[in-house]
Amino acid sequence: ADDRSPSGGALHLDAFIDEWISAPYPDQQRDRALILKGLDWLDAECRQRFGADFAGATDTQRRAVFDAIAWRRSVAAGYEQAAQFFARMRALMMIGFYSLPEGSADIGYMGNNPNLGPYPGPTREALAHFNQAMAGLGLKPAG
């Protein structure tokens, strides 16, 4: 939690992850295998290092485990698969968070609000950015 939004735990992102990895689709089933193995790894790693499973470890101990797998440039040797788990879990947590109203509010997303009146078109800045992208692709710019 921070001054703008509640924590992932308060938003029950665990239920989102559970629903995601329970879906019968190939991508979600691949995630299921990775996530379940990763959760088992977290318990085993914490038991080996601290004599307690992940839930029984202190926040400091959990952070020590995460520090070994959280940053791609500094993943310890032998921790590559655990790092893949962590990266996917972090991505799924972000998907879950930013798909909720609290996550949308956190980034200032206003949603699909109707335009009551004539459509004003894109701003000059947005049109310039779009035309620059079009030119970079060798396509005709918008008028």
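The rules behind these values
Residues numbered from 1 in each chain as written. Predicted model: local features only at pLDDT ≥ 70, side-chain atom pairs only at ≥ 80, totals over all residues. Heavy atoms only, no water. Helix = DSSP H or I, 4+ residues; strand = E, 2+ residues; numbered from the N terminus. Contact = heavy atoms within 4.5 Å. pLDDT = per-residue confidence, 0-100. Expected span 1.5 Å × (residues − 1). Buried < 20%, exposed > 50% of the residue type's maximum accessible area, 1.4 Å probe, protein only. Core = buried A, V, L, I, M, F, W, Y, C linked by side-chain atoms within 4.5 Å. Phe/Tyr/Trp six-rings, centres within 6.5 Å; stacked < 30°, edge-to-face > 60°.

1. Focus on the side chain of Asp31
Thought 1: Among the structural elements, Asp31 can be located in helix α2 (residues 26–50).
Thought 2: Asp31 has contacts with Trp20, Ile21, Arg88 and Leu92, leaving out every residue within four places of it along the chain.

2. Some details on the confidence of the model for the protein
Any region with low pLDDT has predicted coordinates that should not be read closely.
Thought 1: Taken as a whole, the protein shows an average pLDDT of 94; of its residues, 100% reach a score of 70 or greater.
Thought 2: For the protein, helix α5 (residues 101–106) is the element with the lowest average pLDDT, namely 90, and α2 is the one with the highest, namely 98.

3. Overview of helix α4 (residues 80–98)
Turn by turn, an α-helix covers 3.6 residues, leaving residues three or four places apart pointing in a common direction.
Thought 1: In a regular helix each residue adds 1.5 Å, so 19 residues correspond to 27 Å; α4 covers 27 Å between its end C-alpha atoms and thus fits that length.
Thought 2: Within α4, the full set of buried residues consists of Ala82, Ala83, Phe85, Phe86, Met89, Leu92, Gly96 and Phe97.
Thought 3: Check the buried side of α4 and you find it contacts α1 (13–22), α2, α3 (59–69) and α5.

4. Quick word on the nonpolar core
Soluble globular proteins tend to bury their nonpolar side chains together.
Thought 1: If you look at the biggest cluster of nonpolar residues, it comprises 17 residues, and the most contacted ones within it are Ile17, Ile35, Ile69, Phe85, Phe86 and Met89.
Thought 2: Of all the secondary structure elements, the ones that give two or more residues to this core are α1, α2, α3 and α4.
Thought 3: Of the residues forming this core, the biggest block, six residues, is contributed by α4.
Thought 4: Contacts of Ile69, omitting those with residues within four sequence positions, involve Trp41, Val75, Tyr79, Ala82, Ala83 and Phe86.

5. Points about the packing of aromatic side chains
When we look at a pair of aromatic rings, we describe it by the centre distance and by the angle of the planes.
Thought 1: A complete count under the given rule lists five aromatic pairs for this structure.
Thought 2: Taken together, a centroid distance of 5.6 Å and an interplanar angle of 50 degrees make the contact between Phe54 and Phe66 tilted. Of the two residues, Phe54 sits in the loop between α2 and α3 while Phe66 sits in helix α3, which places them 12 residues apart along the sequence.
Thought 3: Note on Phe66: relative accessible area 23%, which makes it partly exposed.

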